[in-house]
Amino acid sequence: MQYLITIKNGKVTITVQGMAGTGCQGKSVEFAQLLGGKIEATEHTEEYYAQVAATVQATIKGQ
Amino acid sequence: MSEYTTVQTEITDADLLRLALQDVGLPFEEATVEAGGDRNGLSLVGYLGDTRPQKVQFAIRRRNLGRLSNDIGWAWDDSAQRYFAYVSDYDTHLPNVKQAVEQVAQRAAYHQVIKTVNEYGMLVESETVLPGGEIQVVVRTF
(Lines give C-alpha, C1' and ligand atoms only; values in the text may rest on other atoms or scores of the structure.)
Protein backbone atom coordinates (compact mmCIF):
# COMPACT_ATOMS: atom_id res chain seq x y z
CA MET A 1 0.00 0.00 0.00
CA GLN A 2 1.12 3.54 -0.57
CA TYR A 3 -0.07 7.05 0.14
CA LEU A 4 -0.12 9.88 -2.33
CA ILE A 5 0.28 12.98 -0.17
CA THR A 6 -0.50 16.36 -1.67
CA ILE A 7 0.49 19.51 0.21
CA LYS A 8 -1.08 22.77 -0.87
CA ASN A 9 -1.11 25.97 1.20
CA GLY A 10 -0.34 24.01 4.34
CA LYS A 11 -3.27 21.68 3.74
CA VAL A 12 -2.43 18.01 3.32
CA THR A 13 -4.54 15.54 1.32
CA ILE A 14 -3.76 11.87 1.84
CA THR A 15 -4.91 9.42 -0.80
CA VAL A 16 -4.62 5.67 -0.33
CA GLN A 17 -3.32 3.76 -3.32
CA GLY A 18 -2.89 0.10 -4.06
CA MET A 19 -5.67 -1.32 -1.88
CA ALA A 20 -8.62 -2.98 -3.48
CA GLY A 21 -12.24 -2.41 -2.45
CA THR A 22 -13.03 -1.56 1.15
CA GLY A 23 -9.54 -2.52 2.33
CA CYS A 24 -8.55 1.13 2.25
CA GLN A 25 -11.26 2.07 4.75
CA GLY A 26 -9.83 4.34 7.41
CA LYS A 27 -6.25 4.18 6.17
CA SER A 28 -6.03 7.83 5.11
CA VAL A 29 -7.57 8.88 8.43
CA GLU A 30 -4.96 6.82 10.28
CA PHE A 31 -2.19 8.71 8.52
CA ALA A 32 -3.94 12.04 9.12
CA GLN A 33 -4.14 11.29 12.82
CA LEU A 34 -0.41 10.54 12.93
CA LEU A 35 0.16 13.86 11.22
CA GLY A 36 -1.96 15.81 13.70
CA GLY A 37 -4.05 18.85 12.86
CA LYS A 38 -7.70 19.22 12.03
CA ILE A 39 -9.30 16.68 9.70
CA GLU A 40 -11.53 18.57 7.28
CA ALA A 41 -12.92 15.80 5.09
CA THR A 42 -12.72 12.13 4.33
CA GLU A 43 -14.19 10.86 1.12
CA HIS A 44 -14.12 7.85 -1.12
CA THR A 45 -13.15 8.16 -4.74
CA GLU A 46 -15.32 7.00 -7.62
CA GLU A 47 -13.06 3.97 -7.90
CA TYR A 48 -14.00 2.93 -4.37
CA TYR A 49 -17.72 2.98 -5.17
CA ALA A 50 -17.14 1.14 -8.45
CA GLN A 51 -15.24 -1.59 -6.61
CA VAL A 52 -17.90 -1.89 -3.91
CA ALA A 53 -20.65 -2.06 -6.56
CA ALA A 54 -18.73 -4.75 -8.42
CA THR A 55 -18.31 -6.73 -5.20
CA VAL A 56 -22.02 -6.48 -4.38
CA GLN A 57 -22.94 -7.52 -7.92
CA ALA A 58 -20.60 -10.50 -7.77
CA THR A 59 -22.06 -11.52 -4.40
CA ILE A 60 -25.62 -11.33 -5.72
CA LYS A 61 -24.71 -13.39 -8.77
CA GLY A 62 -22.97 -15.92 -6.56
CA GLN A 63 -26.02 -16.45 -4.34
CA MET B 1 -6.93 5.05 -5.28
CA SER B 2 -10.08 4.86 -3.29
CA GLU B 3 -10.11 6.96 -0.15
CA TYR B 4 -8.72 10.34 0.73
CA THR B 5 -8.60 12.58 3.78
CA THR B 6 -7.79 16.28 3.92
CA VAL B 7 -6.17 17.68 7.03
CA GLN B 8 -5.28 21.28 7.89
CA THR B 9 -1.93 20.93 9.57
CA GLU B 10 -0.98 23.00 12.57
CA ILE B 11 2.52 24.12 13.41
CA THR B 12 3.27 22.60 16.78
CA ASP B 13 7.01 22.10 16.61
CA ALA B 14 9.58 24.92 16.78
CA ASP B 15 12.14 22.82 14.88
CA LEU B 16 9.75 22.37 11.93
CA LEU B 17 8.82 26.05 11.93
CA ARG B 18 12.51 26.97 11.94
CA LEU B 19 13.14 24.63 8.98
CA ALA B 20 10.17 26.14 7.13
CA LEU B 21 11.46 29.68 7.69
CA GLN B 22 14.90 28.64 6.48
CA ASP B 23 13.34 27.11 3.35
CA VAL B 24 11.50 30.33 2.54
CA GLY B 25 14.81 32.13 2.61
CA LEU B 26 13.82 35.42 4.23
CA PRO B 27 16.02 36.45 7.16
CA PHE B 28 14.25 35.84 10.46
CA GLU B 29 14.89 36.29 14.15
CA GLU B 30 14.25 33.76 16.88
CA ALA B 31 13.77 34.59 20.54
CA THR B 32 16.17 33.10 23.02
CA VAL B 33 14.14 30.75 25.20
CA GLU B 34 15.32 29.82 28.66
CA ALA B 35 14.27 26.49 30.15
CA GLY B 36 10.69 26.80 31.30
CA GLY B 37 10.55 30.42 30.18
CA ASP B 38 8.20 32.26 27.87
CA ARG B 39 8.95 31.43 24.25
CA ASN B 40 7.59 34.68 22.86
CA GLY B 41 10.42 37.09 23.57
CA LEU B 42 10.43 39.24 20.43
CA SER B 43 8.32 42.35 19.92
CA LEU B 44 6.82 43.07 16.53
CA VAL B 45 7.41 46.49 15.00
CA GLY B 46 4.89 48.35 12.85
CA TYR B 47 5.58 50.10 9.57
CA LEU B 48 6.00 53.44 11.35
CA GLY B 49 8.59 51.97 13.67
CA ASP B 50 6.15 51.61 16.53
CA THR B 51 6.48 48.62 18.83
CA ARG B 52 3.40 46.43 18.69
CA PRO B 53 1.92 44.69 21.73
CA GLN B 54 2.24 41.29 20.10
CA LYS B 55 5.21 39.19 21.18
CA VAL B 56 6.43 36.24 19.15
CA GLN B 57 9.09 33.55 19.08
CA PHE B 58 9.96 33.97 15.39
CA ALA B 59 9.84 37.24 13.47
CA ILE B 60 10.49 38.39 9.92
CA ARG B 61 11.29 42.08 10.11
CA ARG B 62 9.52 44.54 7.83
CA ARG B 63 12.78 45.58 6.16
CA ASN B 64 12.88 42.09 4.65
CA LEU B 65 9.28 42.26 3.45
CA GLY B 66 8.92 45.66 1.83
CA ARG B 67 8.80 49.25 3.00
CA LEU B 68 5.04 49.35 3.56
CA SER B 69 4.96 46.20 5.63
CA ASN B 70 4.81 45.58 9.33
CA ASP B 71 6.83 42.81 10.94
CA ILE B 72 5.22 39.40 10.81
CA GLY B 73 5.76 36.73 13.40
CA TRP B 74 4.85 33.36 14.82
CA ALA B 75 3.89 33.12 18.47
CA TRP B 76 3.57 30.01 20.59
CA ASP B 77 0.14 29.64 22.16
CA ASP B 78 0.53 27.57 25.29
CA SER B 79 -3.17 26.81 25.70
CA ALA B 80 -3.65 25.72 22.07
CA GLN B 81 -0.22 24.06 21.97
CA ARG B 82 0.56 25.45 18.56
CA TYR B 83 1.99 28.45 16.74
CA PHE B 84 -0.09 31.29 15.35
CA ALA B 85 1.04 33.68 12.66
CA TYR B 86 0.70 37.37 13.47
CA VAL B 87 0.04 39.43 10.36
CA SER B 88 -1.55 42.88 10.44
CA ASP B 89 -4.88 43.26 8.65
CA TYR B 90 -3.28 45.67 6.21
CA ASP B 91 -0.48 43.25 5.35
CA THR B 92 -2.84 40.41 4.54
CA HIS B 93 -3.52 42.37 1.32
CA LEU B 94 0.16 42.64 0.38
CA PRO B 95 1.08 39.85 -2.04
CA ASN B 96 4.65 39.48 -0.75
CA VAL B 97 3.53 39.12 2.89
CA LYS B 98 0.68 36.78 2.01
CA GLN B 99 3.08 34.69 -0.05
CA ALA B 100 5.65 34.53 2.75
CA VAL B 101 3.07 33.36 5.31
CA GLU B 102 1.64 30.78 2.90
CA GLN B 103 5.09 29.50 2.01
CA VAL B 104 5.99 29.04 5.67
CA ALA B 105 2.75 27.09 6.23
CA GLN B 106 3.46 25.02 3.12
CA ARG B 107 7.03 24.16 4.10
CA ALA B 108 6.05 23.46 7.73
CA ALA B 109 3.38 21.03 6.50
CA TYR B 110 5.94 19.35 4.25
CA HIS B 111 8.39 18.91 7.14
CA GLN B 112 5.55 17.58 9.32
CA VAL B 113 4.78 14.94 6.68
CA ILE B 114 8.43 13.90 6.37
CA LYS B 115 8.83 13.75 10.15
CA THR B 116 5.74 11.54 10.45
CA VAL B 117 6.94 9.26 7.64
CA ASN B 118 10.33 8.82 9.32
CA GLU B 119 8.91 8.36 12.81
CA TYR B 120 6.56 5.57 11.73
CA GLY B 121 9.03 3.66 9.57
CA MET B 122 7.53 4.51 6.19
CA LEU B 123 9.51 5.26 3.06
CA VAL B 124 9.39 8.27 0.75
CA GLU B 125 9.35 6.88 -2.79
CA SER B 126 9.22 10.18 -4.63
CA GLU B 127 8.74 13.90 -4.18
CA THR B 128 7.52 16.30 -6.83
CA VAL B 129 7.07 20.06 -6.64
CA LEU B 130 4.47 21.20 -9.15
CA PRO B 131 4.72 24.58 -10.90
CA GLY B 132 2.13 26.15 -8.57
CA GLY B 133 4.17 25.15 -5.52
CA GLU B 134 2.02 22.16 -4.63
CA ILE B 135 4.12 19.27 -3.30
CA GLN B 136 3.33 15.63 -4.01
CA VAL B 137 4.98 12.93 -1.92
CA VAL B 138 4.51 9.21 -2.55
CA VAL B 139 4.96 7.20 0.65
CA ARG B 140 5.19 3.43 0.87
CA THR B 141 4.19 1.49 3.98
CA PHE B 142 5.37 -1.96 4.97
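Residues numbered from 1 in each chain as written. Chains lettered and ligands numbered in written order. Predicted model: local features only at pLDDT ≥ 70, side-chain atom pairs only at ≥ 80, totals over all residues. Heavy atoms only, no water.

## Overview of the interface of chain B and chain A
Here comes step 1: Of the residues lining the interface, 30 residues belong to chain B; the matching set on chain A comes to 43 residues.
Here comes step 2: Across the interface of chain B and chain A, roughly 3,400 Å² is buried in total on both sides, 53% from carbon and sulfur atoms.
Here comes step 3: The interface formed by chain B and chain A holds 0 salt bridges in total.
Here comes step 4: For the side of chain B that touches chain A, the secondary structure elements donating two or more residues are strand E1 (3-8), helix H2 (95-119) and strand E9 (135-140) of chain B. (Contact = heavy atoms within 4.5 Å. Buried area = accessible area lost by both parts, 1.4 Å probe. Salt bridge = Lys/Arg side-chain N within 4 Å of Asp/Glu carboxyl O. Helix = DSSP H or I, 4+ residues; strand = E, 2+ residues; numbered from the N terminus.)

## What to know about the confidence of the model for chain B
Residue and element names in this part refer to chain B.
Here comes step 1: Per-residue confidence for chain B averages 91 on the pLDDT scale, and 98% of its residues sit at or above 70.
Here comes step 2: Within chain B, E1 has the poorest average pLDDT of any element, 81, and strand E2 (residues 29-30) the best, 97.
Here comes step 3: Here the prediction assigns the complex a pTM of 0.85, and the interface score ipTM is 0.83. (pLDDT = per-residue confidence, 0-100.)

## Points about the sheet that holds strand E7 (residues 82-86) of chain B
All names here are of chain B.
Here comes step 1: Taken together, the 4 strands give an open sheet; going across it, the order is E2-E5-E6-E7, and neighbouring strands pair in antiparallel fashion. Taken across any chain shown, the strands that pair with only one partner, and hence form the sheet edges, are E2 and E7.
Here comes step 2: In this sheet, strand E6 (residues 72-77) lies alongside strand E5 (residues 58-60) in antiparallel orientation, the contact comprising 3 bridges. Following the sheet pairing, Phe-58 is matched in E6 by Trp-74.
Here comes step 3: Seen against the sheet, helix H1 (residues 14-24) touches E2, E5, E6 and E7 and runs at an angle of roughly 15° to E5.
Here comes step 4: Together, E6 and E7 form the strand contacts of H2, whose direction differs from that of E6 by roughly 40°. (Pairing = 2+ DSSP bridges. Axes fitted to C-alpha atoms, helices over the stretch in contact; angles between N-to-C directions.)

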